[in-house]
Amino acid sequence: MRRVLTPGRLCGLSALALAALSPAAARADEDTAWLAARSRLYFYLDPEARALDPNAPTAIGMFSLAGAEGAMRAEASGWVGHGPGGVIEDPDGASIITGDVRTLLVRYATRRYWVNGGRMLTPLGTTDMETLDGVAGGVHLGGIDLAAVAARQGPDPREAFGDAWVFGGSIGGEFADAWRLSLAGRHRRYDDTNPETQFTARAGYYPSATFDVTARATAAVENTALAEARVDATKRLNDDLAFGGFVQRNDLRAMLPPDELLAVFAHDDRSEAGARADWVVLPSVATRAEVAAVYGEDRTLAGAGRLGADWRPGNGTIITADGEERLDPSEVRTTLRTALRTPFSAETSGTFELVGDRANNARETRWNGAGRVGVVYNPFDAWSFYTALESGVGDAFPNGRLGGMLFVEYAAGAPVRWGGLP
């Protein structure tokens, strides 16, 4: 899977909530009408204090426009970035502005079938969202869902109709009231290198409202290997207490074609098993915990533990905190996070976030911290604004870090709110 790591690939993920087009969305109400315009802007207030990369872009913005009238829908989303020369594939060393279009499509959907045409983000045939230029469609037949996609794709999303053909599809449905089964496949054939084919099978068993088991497995055909497999089980004892467990196997090399450069650096296959618990201690306090053991040729006797809590003291205030400890033979890493959101008035809320990370190995100890404070403002129906300042200190920010964010959203009747909520 050849890909160029650009700001668009990093920032375009924020548009997934708007651009995710699944067969289930095809059965939305056909008489709805809505319009949404959303934008996000991240910028450095001190361009000389770069985080991680001294050549990082000075500003990155994302946008999305979408509207629907009955069964018809149109959508566009993308990103734009500005940075010093050499950052975004500019050999001349001049300051440049660049970007790409993440989605640009028209969709027609009824309760029975749907079809997309244009540039789209879709997980059809695989487990990851990918940008494709082509057509996709699906149909709902009783309890069976069928979907397919045929498109072109390239390593650089700024280039339309790239160097690979992509064909994928899925079939799934509900059986015997308690089972949900599906099978998906994706075949990618490059113009100048080896093809890639993967199949993903999923199964879910839901015998009651308090117990379920889900499983999925992905196999890479050309590598004749099991790329990923995972089984989850959850038991809810009551409304306040639930336990779960999981077993997972990953082999990153099997996800990559044999001639892919990254295959040389991929970790050996890894197995992981763990247990988790969710407990509502009080009506306003929910806690969660998870422990996991990891085994792999490069991670013998590794593991991880996580603890978290959510507190809603009233008046719309939300306070969250969580911590994670990761252990392997060469390093111990601790991460702590906390966040607060509280309303000041009917139209205004404030946010505060902190994150700290400490990594300790035989040679050195590294630590980093970052904080963010922001304000949410909803002056009118369908309008939302969020602005924030953030700073960072530590080994990753030798010159300090000071940045800002601005989210603007207009969503009149849109089905999912996005932006404005940190």
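Right above here is the structure, for reference.
Residues numbered from 1 in each chain as written. Predicted model: local features only at pLDDT ≥ 70, side-chain atom pairs only at ≥ 80, totals over all residues. Heavy atoms only, no water.

Asks: What should I look at first to understand the pairing of strand β13 (residues 241-250) in this one?
Replies: Regular strands place side chains that alternate from one sheet face to the opposite one. Pairing analysis gives nine bridges linking strand β12 (residues 225-236) to β13, with the strands arranged antiparallel. Residue pairing for β13: E228 is matched across the bridge by N250. What sits between β12 and β13 in their antiparallel hairpin is a turn of four residues. Relative to strand β14 (residues 270-282), β13 runs antiparallel, the two sharing 10 bridges. Bridge pairing in β14 links G244 to R276. (Pairing = 2+ DSSP bridges. Helix = DSSP H or I, 4+ residues; strand = E, 2+ residues; numbered from the N terminus.)

Asks: Quick question: what am I supposed to make of the nonpolar core here?
Replies: Generally speaking, a soluble globular protein has its nonpolar side chains buried in company with each other. Formed by L105, A109, W114, M120, L124, L132, A136, A147, V149, A151 and V166, the largest nonpolar core amounts to 11 residues. Taken together, the elements giving at least two residues each to this core come down to β4 (96-109), β5 (113-122), β6 (130-141) and β7 (144-153). The element best represented in this core is β7, accounting for three residues. Excluding residues that lie within four positions of it along the chain, A151 makes contacts with L132, D133, G134, A164, W165 and V166. Listed in part, the six residues of the second largest apolar core include Y42, Y386, A388 and F407. (Core = buried A, V, L, I, M, F, W, Y, C linked by side-chain atoms within 4.5 Å. Buried < 20%, exposed > 50% of the residue type's maximum accessible area, 1.4 Å probe, protein only. Contact = heavy atoms within 4.5 Å.)

Asks: Hey, could you run me through the environment of L237 in this one?
Replies: With respect to the helices and strands, L237 occurs in the loop between β12 and β13. By relative accessible area, which is 49% here, L237 ends up partly exposed. The sequence separation of L237 and T210 amounts to 27 residues, and the corresponding C-alpha distance is 7.0 Å.

Asks: Quick question: what am I supposed to make of the pattern of salt bridges here?
Replies: Opposite charge on two side chains permits pairing when their charged atoms draw close. Applying the stated rule across the entire model yields 23 salt bridges. Residues R306 and E290 are paired through a salt bridge, measuring 2.5 Å at the closest nitrogen-oxygen approach. Residue R306 is located in strand β16 (residues 302-314), and its partner E290 is located in strand β15 (residues 285-296); the two are separated by 16 residues in the primary sequence. Across the salt bridge formed by E324 and R326, the nearest N and O atoms sit 3.8 Å from each other. A relative accessible area of 13% means that E324 is categorised as buried. Residues joined by salt bridges that share partners form a network here, namely E290, R306, E324, R326, R333 and D357. (Salt bridge = Lys/Arg side-chain N within 4 Å of Asp/Glu carboxyl O.)

Asks: Looking at this structure, how should I read the packing of aromatic side chains?
Replies: Any aromatic ring pair is given by two values, namely how distant the centres are and how the planes are angled relative to each other. Taken as a whole, this structure holds six aromatic pairs when the rule is applied. For the pair W383 and F385, a centre-to-centre distance of 5.9 Å together with 10° between the ring planes defines the contact as stacked. Judged by its relative accessible area of 28%, F385 falls in the partly exposed class. Among the aromatic residues, those joined into a cluster by ring pairs are W383, F385 and Y410. Positioned above the aromatic ring of F407, the side-chain terminus of R40 is 4.5 Å from the ring centre. Lying over the aromatic face of Y206, R180 brings its terminal NZ or CZ to 4.4 Å of the ring centre. (Phe/Tyr/Trp six-rings, centres within 6.5 Å; stacked < 30°, edge-to-face > 60°. Lys NZ or Arg CZ within 6 Å of the ring centre and 35° of its normal.)

Asks: Help me understand the side chain of E390 in this model?
Replies: Following the sequence through the fold, E390 ends up in strand β21 (residues 383-394). Excluding residues that lie within four positions of it along the chain, E390 makes contacts with Y42, G371, R372, R401, L402, G403 and M405.

Asks: Sorry if this is basic, but what is going on with the environment of E325 here?
Replies: Counting through the fold element by element, E325 comes out in strand β17 (residues 317-328). Classification of E325 by relative accessible area gives partly exposed; the value is 33%. A sequence separation of 11 residues divides E325 from L336, and the C-alpha atoms of the two residues are 9.0 Å apart. Setting aside chain neighbours within four positions, we find E325 in contact with G303, A304, G305, V332, R333 and T334. Of note is the side chain of E325, whose polar atom sits 2.5 Å from the side chain of T334. (Polar contact = N/O pair within 3.5 Å; in protein donor to acceptor, adjacent residues only side chain to side chain.)

Asks: Whenever I open this one, unusual backbone geometry confuses me. Can you help?
Replies: Only a minority of non-glycine residues have a phi that is not negative, and only a minority of peptide bonds are not trans. Unusually for a residue other than glycine, A176 sits at a positive phi of about 55°. Residue placement: A176 occurs in the loop between β8 (164-175) and β9 (179-190). Assessed through its relative accessible area of 66%, A176 is described here as exposed. The backbone of N315 shows a phi angle near 60°, a positive value even though the residue is not glycine.

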